[in-house]
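# Structure at a glance
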Amino acid sequence: MGEPRLDHVLDSLRSRMAAFEDTGDPSGIFSDAATEEAALLIDAVRERTSAGLADAWDDAALATAGRLHWKRHLTVPPSDTVHDEAALLLFVRPFRADRSLVPEVLWSQLAGLAEEAGRLNLLEMPAEEIAKAAEASAGHGLAQALVLPLRVTAAMLPGRHPGCAPVLSALASVHHLLHGDGSGHDGALDAAIEAADRAAAAMADDWPGRAVLLSRLGLFRWERYNRDGDEADLTASEKANRAAVRACGDGDPARPGCLHNLVIALLSRYELTSEPAVLAQAVEAGREAVRAADPARRAAPLYALSLAAALGLRFDRTGDPAPLAEAERALTAVLAGAPDDNPYLSLVRARLGELTHPAVAEAAPDDRERPEPPRRARRPRTWRWTRAG
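Note that the coordinates shown come from a computational prediction; the quantities given were computed from them, not determined experimentally.

If you look at the biggest cluster of nonpolar residues, it comprises 104 residues, and the most contacted ones within it are Leu150, Met156, Leu267 and Leu331. Residues contacting Leu331, with those up to four places away along its chain left out, are Ala304, Leu305, Ala308, Val348, Arg351, Leu352 and Leu355.

Here is the structure:
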């Protein structure tokens, strides 16, 4: 984007803030257009700085973007500090150059922050790189420290920015790690779902992370269904998981995980409805997941376990021992193919030990299905989910 165009963006953003000052109506400063203009300025400053072209214009641009977020902060509840953090981040550099560019009320705070600008922010790297760095770091005990930088980054991006969906997807993953770490992070699962929903709404149809995001969303919804029992979450889980499978090509390494996550949602649906067609879909998806899986992948045993769960329910329904034999073959095969240090092999061995083969005489003599079992009350699931990919 050329300098004249950037100057037009800068003037437009200043006009939006002036209108807010005149009318008190915050809709203009909270609009997607305002966010997009500020993001354009931030991206331009980062690129100009990297190219060694930065001058006084860059300080003015950052100060203007910072004032947008500062004004937003002044209109939201004090407990919501995201725009405050965004403003402080953007004001650090202008404050060093000319403190009159930033609100005087923040000078004392900025004096302490002037040398503390962190790396995980839009002034240091593009949004897509922030998302990748967060995903890579989240599993190393850093999840809690990543929440605020990701929330701040997301607040600084318009929905159609190519980095918005990756950042929100990373934020969803981080919240979910906090939910599962046993540290009592209340609301982390709900926050993960909110971020994943926002990411799904923002993602482009051709975004490479589309399948993984949708599969995550399906699983987060499934977990909340098991926590709260709200069938709407189960329905949303099925929808997201089916969309995840559709988003995968046949050779996509994420496909087995997406299929597995669909299986566990379908098993929960079958428990509610006892519909044979639902169970049949779970069995077929489980078979495909096992066929497509790389035995060396850490999650491969989980795919065999979910297929075995579906086949066990089919045996419960029909009395035909063939599903149990198929389950045994799938579990035995994964034992043979997985590395000895795979953490899920003990679950596979335990499941194999539970399998029994009833005599053929115990099956219905005319091979008809047994009468439909009564619907049972929902109980916590014992099968496990996995992150797609």
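Turning our attention to the state of the cysteines. In a disulfide, the sulfur atoms of two cysteines are covalently bonded to one another. Counted under the stated rule, the structure contains zero disulfides. The cysteine Cys258 is free of any disulfide, with Cys248 supplying the nearest cysteine sulfur at 3.7 Å.

Our next topic: the packing of helix H13 (residues 300–318) against helix H14 (residues 322–337). Helix packing for two helices is described by the angle between their axes and how far apart those axes are. At a minimum axis separation of 8 Å, H13 and H14 run at an interaxial angle of 170°. By the angle class used here, H13 and H14 are roughly antiparallel. Here Ala300, Pro301, Ala304, Leu305, Leu307, Ala308, Leu311, Gly312, Arg314 and Phe315 of H13 lie close against H14, whose contacting residues are Pro323, Leu324, Glu326, Ala327, Ala330, Leu331 and Val334. Split by residue class, the contact of H13 with H14 holds 14 nonpolar, one polar and two charged.

What follows concerns the environment of Leu307. Position of Leu307 relative to the elements: it lies in helix H13. For Leu307, a relative accessible area of 3% gives the class buried. Through-space distance from the C-alpha of Leu307 to that of Ala282 is 7.7 Å; in sequence the pair is 25 residues apart. Apart from residues lying up to four places away in sequence, Leu307 is in contact with Val283, Gly286, Arg287, Val290 and Ala330.

Calculation criteria
Residues numbered from 1 in each chain as written. Predicted model: local features only at pLDDT ≥ 70, side-chain atom pairs only at ≥ 80, totals over all residues. Heavy atoms only, no water. Core = buried A, V, L, I, M, F, W, Y, C linked by side-chain atoms within 4.5 Å. Buried < 20%, exposed > 50% of the residue type's maximum accessible area, 1.4 Å probe, protein only. Contact = heavy atoms within 4.5 Å. Disulfide = S-S within 2.5 Å. Axes fitted to C-alpha atoms, helices over the stretch in contact; angles between N-to-C directions. Helix = DSSP H or I, 4+ residues; strand = E, 2+ residues; numbered from the N terminus. Parallel < 35°, antiparallel > 145°, perpendicular 65-115°, else oblique. Nonpolar A, V, L, I, M, F, W, Y, C, P; charged D, E, K, R; others polar.

In short, shape yes, function no, at least from these values alone.
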